[in-house]
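So you can see what is in the structure, the chains are spelled out below.
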Amino acid sequence: MKTENKATDYFKVTIQSYLEQRAQTDELFAPVYAKPNKNIDDCITYILNYVQQSGICGFTDDEIYSLVLHYYDEDSIEVGKPINCNVVVNHAIILTDEEKAQARQKAIQKVQDEAYAKTKQGNAKLKAKQPEVNNIPNLFNF
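What counts as what
- Residues numbered from 1 in each chain as written.
- Predicted model: local features only at pLDDT ≥ 70, side-chain atom pairs only at ≥ 80, totals over all residues.
- Heavy atoms only, no water.
- Helix = DSSP H or I, 4+ residues; strand = E, 2+ residues; numbered from the N terminus.
- Buried < 20%, exposed > 50% of the residue type's maximum accessible area, 1.4 Å probe, protein only.
- Contact = heavy atoms within 4.5 Å.
- Areas by Shrake-Rupley, 256 points an atom, 1.4 Å probe, with all protein chains shown as cover.
- Phe/Tyr/Trp six-rings, centres within 6.5 Å; stacked < 30°, edge-to-face > 60°.
- Lys NZ or Arg CZ within 6 Å of the ring centre and 35° of its normal.
- Polar contact = N/O pair within 3.5 Å; in protein donor to acceptor, adjacent residues only side chain to side chain.
- pLDDT = per-residue confidence, 0-100.
- Axes fitted to C-alpha atoms, helices over the stretch in contact; angles between N-to-C directions.
- Parallel < 35°, antiparallel > 145°, perpendicular 65-115°, else oblique.
- Left-handed = near helix turned anticlockwise from the far one by under 90°.
- Salt bridge = Lys/Arg side-chain N within 4 Å of Asp/Glu carboxyl O.

Peer 1: What exactly am I supposed to notice about the overall build of the chain here?
Peer 2: Broken down by element type, the chain carries five helices and zero strands. Going from N to C terminus, the chain has its helices and strands arranged as α-α-α-α-α. Sorting the 142 residues of the chain into buried and exposed places 23% on the buried side. When contacts within the chain are restricted to residue pairs at least 6 apart in sequence, those whose partners lie at least 24 apart make up 81%. Split by element, the accessible area of the chain, about 11500 Å² in all, is 54% carbon and sulfur.

Right under this line is the structure:
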């Protein structure tokens with residue numbers, strides 16, 4: 001039974017995107033990437049084991065990508081055991097103008113919903129705190 005690798009999904013997606021882009025643009029790499037004995041999970045495990053053994057906490061993109069290529073180039077590479085860890089990817093997500101507009105609309109809607117909920121909650125508190133007219137003592141009623 002293979003233990004699931006707990007590397008962050010974003011790290012895995014970043015590596016996968018790099019591999020797919022590289023295979024599309026590099027005709028020599030495409031058949032290497034298509035090897036049936038290679039997969040992204042073992043690639044991630046290989047990288048994590050390498051990083052752990054190195055004792056270094058930070059790597060450049062190029063250093064990681066060279067490890068990725070090394071994993072795919074070597075047919076008899078020792079992958080190592082899966083490691084349970086958190087991986088930090090220092091990449092900014094670049095949004096299209098349409099995605100920015102959608103995010104802005106969602107944020108505006110969320111603020112409006114929260115303001116409405118607060119107003120509704122405030123009105124409920126006011127109604128609960130107002131005493132009934134019949135319960136107020138009146139000196140003029142005999």
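Next comes the rest of the write-up.
Peer 1: What is the right way to look at the packing of aromatic side chains in this model?
Peer 2: Given two aromatic rings, their pairing is described by the distance between the two centres and the angle made by the two planes. The full count for this structure, using the stated rule, is seven aromatic pairs. Over the ring of Phe29 we find Arg22, and its NZ or CZ is 5.9 Å from the ring centre.

Peer 1: For this particular structure, what's the right way to read the side chain of Thr45?
Peer 2: As for its placement among the helices and strands, Thr45 is situated in helix H3 (residues 40-54). A polar side-chain atom of Thr45 sits 3.0 Å from the main-chain carbonyl oxygen of Asp41.

Peer 1: Even after reading the chapter, I still don't get the confidence of the model for the chain, so can you show me in this structure?
Peer 2: The pLDDT averaged across the chain works out to 81; a share of 76% of its residues lies at or above 70. The weakest mean pLDDT in the chain belongs to helix H5 (residues 97-129) at 79; the strongest belongs to helix H4 (residues 61-73) at 94.

Peer 1: Any chance you could explain the packing of helix H1 (residues 9-25) against H3 here in plain terms?
Peer 2: In a pair of packed helices, the angle between the axes and the distance between the axes together describe the arrangement. In contact at an axis separation of 11 Å, H1 and H3 are set at 115 degrees when each is read in the N-to-C sense. One finds that H1 runs roughly perpendicular with respect to H3. Remark: the crossing between H1 and H3 carries right-handed chirality. Taking contact as the criterion, the partners of Phe11, Lys12, Ile15, Gln16 and Leu19 in H1 are, on H3, Ile40, Asp41, Cys43, Ile44 and Ile47.

Peer 1: Whenever I open this one, the pattern of salt bridges confuses me. Can you help?
Peer 2: Note on pairing: side chains with opposite charge can pair once their charged atoms come close. A complete count under the given rule lists three salt bridges for this structure. Across the salt bridge formed by Asp41 and Lys12, the nearest N and O atoms sit 2.5 Å from each other. With Asp41 in helix H3 and Lys12 in helix H1, this residue pair connects regions lying 29 residues apart in the sequence. Judged by its relative accessible area of 31%, Asp41 is partly exposed. Overall, Lys12 belongs to the partly exposed group, its relative accessible area being 31%. Here Asp75 and Lys35 are joined by a salt bridge, their closest N and O atoms 2.8 Å apart.

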